[in-house]
Amino acid sequence: MLGLRWPRLPPAGVLFLLPLLPLLLLPGTPALHLATYTYKPVIVVHGLFDSSYSFRHLLEYINQTHPGTVVTVLDLFDGRESLRPLWEQVQGFREAVAPIMAKAPEGVHLICYSQGGLVCRALLSVMDDHNVDSFISLSSPQMGQYGDTDYLKWLFPTSMRSNLYRICYSPWGQEFSICNYWHDPHHDDLYLNASSFLALINGERDHPNATAWRKNFLRVGHLVLIGGPDDGVITPWQSSFFGFYDANETVLEMEEQLTLMVPLRYNESYSQPTYKPYLTLCTGRRVCSTYRTVYHVAWREVRREVQQTHTVCCQGWKKRHPGALTCEAICTKPCQNGGICVQPDQCECAPGWGGKHCHVDVDECRTSVTLCSHHCLNTVGSFTCSCPHGLGLGPDGHTCAKGSQEPPTSTSILSVAIREVEHDEHTLRQEIRELRGRLEQLEQWAGQAGAWVRAVLPVPPEELQPQQVAELWGRGDRIDSLSDQVLLLEEKLGTCESSPTSSPPGTLETPPHLRLPLFPESLPNTLSPHLPGYICFTTPLFLGVWPKPSGSG
């Protein structure tokens, strides 16, 4: 993956690996004589646009430092052939490494470079009989690639990394190996649904073999990850250590990818203190001015960062929006007639509907369950029951009985409701008259109290009793409160009326002897709190008064 100049002699990453090989390839059991060591075979898998010839220096170095070591550089999918789909390459390399592993019961070492690191990881996942002791991943994009490099410009000259997903996340794009691990952090949903390789071996998309693959990979004795900031090709270079970009192109290390720090903005209520002046009695029986603290509810905006779980949806599922913490099932064809998509391409239909997309009307009358005692008629999405002549449909709507069992008509319900409203209106008017009388008495007393205050104020303040001041203020508050109540009741009573216009066809006309002569022109919902048990409502054409639902305010 270091460019388009092939063959290369040797890849820079391979040269970096050479000093480490004596430590990586030594047997695990110490011995006194190096000559008695039996080194485990080494298998080398090249990267994109490479070939076995590119690794001849690595082969020579291993033979010099570990004489007698069997080193096999697999000569498969060289040069342009390395662009073939990765699963095809995995199958080819599997057939090549199986005989080598069979001849080495003590195990083998696996050195895989660049794209070859992904091929080897897939091999370790799908092979349930592998005996790999050490897996050395040398500068491999284990979490994918997202960067403009020379080979990308050569492969897709008109596409840059910001729009390459349009090609790579298409069926024909997945026929190129580079697209098998192209990971666009700005289109996670497309990546998870379209990636036929990386999302599977990373366990980011669930599949039937996920548990077995994980178990197979954990059979590896040692895992060595090698990479660095001078890579120049793998983007981000932390992908070599399973790090990758988030949606803001901030690199998250492997252990940080389960949670994200996201900005949070919201409004919260709080008690805001306000200082108001008032008069009180001070030392020496003097009236003086001071302040008291009054609290009222206010709102303020809060900005902070919170730790949020990062959710990745499986194939067939999607997020409602990028920051969602839950996934919703995807139905290629939307569910119809009130159906809900509960699983990928699986609808849960409303009663009366069936079929894969809830588009088929279910004939309830043809089911084995008896729904009607006599006649059943199928309707769109439902059914109705009917009775023969002489029988009436019962309250349950399913059985027939002698005589009419129909519920009371709308006219009788309306008559009862209007009579109740008339009674409540009389009670309301009586309450208003009582409040008006009390208000007149308080206003008369307030006039007398005002004259008394004017007569008292010229005297020295120290002679004014605290009880008198408190009583005066208290009665003033009562006057204001009662005045507000009377005005509110008069306003509500004055807005309750019935419209004299005629009813439209199909609606119920209020009989003349049941109309409300005492009511004004409309009867709005604002009167409902004063009519317990009933709700008044109007339309431009007719008045309706119906029982209020139980438990409502």
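Residues numbered from 1 in each chain as written. Predicted model: local features only at pLDDT ≥ 70, side-chain atom pairs only at ≥ 80, totals over all residues. Heavy atoms only, no water.

Judged by nonpolar contacts, the single largest core of 50 residues is most densely connected at L110, F135 and F197. Ranked by residues supplied to this core, first place goes to helix α5 (residues 115-126) with 7 residues. Beyond its immediate sequence surroundings of up to four residues, L110 is in contact with I43, C120, L124, V132, S134, F135 and I136. Membership of the second largest hydrophobic core comes to 12 residues, among which are I62, V73, I111 and I136. (Core = buried A, V, L, I, M, F, W, Y, C linked by side-chain atoms within 4.5 Å. Buried < 20%, exposed > 50% of the residue type's maximum accessible area, 1.4 Å probe, protein only. Helix = DSSP H or I, 4+ residues; strand = E, 2+ residues; numbered from the N terminus. Contact = heavy atoms within 4.5 Å.)

Moving on, we come to the packing of aromatic side chains. Taken as a whole and judged by the stated rule, the model has 10 aromatic pairs. Judged by centre distance (5.9 Å) and plane angle (70 degrees), the rings of F55 and Y113 are edge-to-face. Of this pair, F55 sits in the loop between β1 (42-45) and α3 (56-65) while Y113 sits in strand β3 (residues 108-113), placing them 58 residues apart in sequence. With respect to burial, F55 and Y113 carry one shared label: buried. Seen from their ring centres, F77 and F93 are 5.8 Å apart, and the 40 degrees between their planes marks the pair as tilted. Taken as a pair, F77 in the loop between β2 (71-73) and α4 (86-102) and F93 in helix α4 lie far apart in primary sequence, 16 residues in all. On the accessibility criterion, F93 (1% relative accessible area) is buried. An aromatic cluster is built from Y146, W182, F244 and Y245, whose rings are joined through pairwise contacts. (Phe/Tyr/Trp six-rings, centres within 6.5 Å; stacked < 30°, edge-to-face > 60°.)

What follows deals with the environment of K356. Mapped onto the fold, K356 is located in the loop between β14 (353-354) and β15 (360-361). Taking the C-alpha atoms as reference points, K356 and K333, separated by 23 residues in sequence, lie 9.4 Å from one another. Non-local contacts of K356, meaning those with residues more than four positions away in its chain, are made with D345 and C347.

Given the relative accessible area of 3%, Y113 is considered buried. C-alpha of Y113 to C-alpha of I226: the two residues are 113 residues apart in sequence and 9.7 Å apart in space.

Below, the discussion takes up the packing of α5 against helix α11 (residues 210-217). Contact geometry for α5 and α11: axes closest at 6 Å, N-to-C directions at 110 degrees. By the angle class used here, α5 and α11 are roughly perpendicular. The residues of α11 that touch α5, namely those facing R121, L124, S125 and V126, are A212, W213, N216 and F217. When the residues that make up the contact of α5 with α11 are grouped by side-chain class, the tally is 5 nonpolar, 2 polar and 1 charged. (Axes fitted to C-alpha atoms, helices over the stretch in contact; angles between N-to-C directions. Parallel < 35°, antiparallel > 145°, perpendicular 65-115°, else oblique. Nonpolar A, V, L, I, M, F, W, Y, C, P; charged D, E, K, R; others polar.)

The next thing to look at is the pairing of strand β16 (residues 375-379). Examined bridge by bridge, β16 and strand β17 (residues 382-386) share 5 bridges and lie antiparallel to one another. Residue pairing for β17: C376 is matched across the bridge by C385. From the end of β16 to the start of β17, which pair antiparallel, there are 2 residues, and G381 there has a positive phi angle of about 80 degrees. (Pairing = 2+ DSSP bridges.)

Alternating positions in β1 separate into two faces, V42 and V44 on one and I43 and V45 on the other, with burial throughout. Following the backbone out of β1, through α3 and into the adjacent parallel β2, one traces a crossover that is right-handed. Judged from the 4 bridges that link them, β1 and β3 form a sheet pairing that is parallel. Counted as the bridge partner of V45 is C112 from β3. (Right-handed = clockwise from strand over helix to strand, strands pointing away.)

This part is about the sheet that holds β1. As summarised here, the arrangement of the 5 strands in space is β2-β1-β3-β4-β5, forming an open sheet in which the pairing is parallel. Sheet topology places β2 and β5 (222-226) at the edges, where each strand pairs with a single neighbour. Between one strand and the next, the sheet's axes are offset by a mean angle of 15 degrees, whatever the strand orientation. Pairing analysis gives 5 bridges linking strand β4 (residues 132-138) to β5, with the strands arranged parallel.

By the definition in use, this model includes 9 disulfides. Here C349 connects covalently by a disulfide to C358, the sulfurs 2.1 Å from one another. Handedness of the C349-C358 disulfide follows from its S-S torsion of about -95 degrees: it is left-handed. The exposure class assigned to C349 is partly exposed, which follows from its relative accessible area of 27%. (Disulfide = S-S within 2.5 Å.)

Along the chain, the position of S196 falls in the loop between α9 (188-194) and α10 (198-201). Along the backbone, S196 and E175 are 21 residues apart, and their C-alpha atoms lie at a distance of 9.6 Å. Apart from residues lying up to four places away in sequence, S196 is in contact with W87, Q174, N180 and R205.

Turning next to the packing of α4 against α5. Two numbers describe how α4 lies on α5: the axes approach to 9 Å, and their chain directions differ by 65 degrees. Relative to α5, α4 is oriented roughly perpendicular. For the pair α4 and α5, the crossing hand works out as right-handed. Between α4, through L86, W87, Q89, V90, F93 and R94, and α5, the contact on the second element is made entirely by Q115, V119, A122, L123 and V126. (Left-handed = near helix turned anticlockwise from the far one by under 90°.)

Another aspect to go through is the pattern of salt bridges. Scanning all chains against the criterion turns up 5 salt bridges. As a salt-bridge pair, E328 and R320 come within 2.5 Å of each other at their nearest N and O atoms. For E328, a relative accessible area of 27% corresponds to the partly exposed category. (Salt bridge = Lys/Arg side-chain N within 4 Å of Asp/Glu carboxyl O.)

Between T235 and P236 the backbone carries a cis peptide bond, its omega angle lying at -5 degrees. As for its position among the elements, P236 is in the loop between β5 and β6 (244-245). At E249, a residue that is not glycine, the phi angle is positive and equals roughly 60 degrees. Positive phi, close to 55 degrees, is recorded for D345, a residue that is not glycine. Take D345: its relative accessible area is 37%, and that puts it in the partly exposed class.

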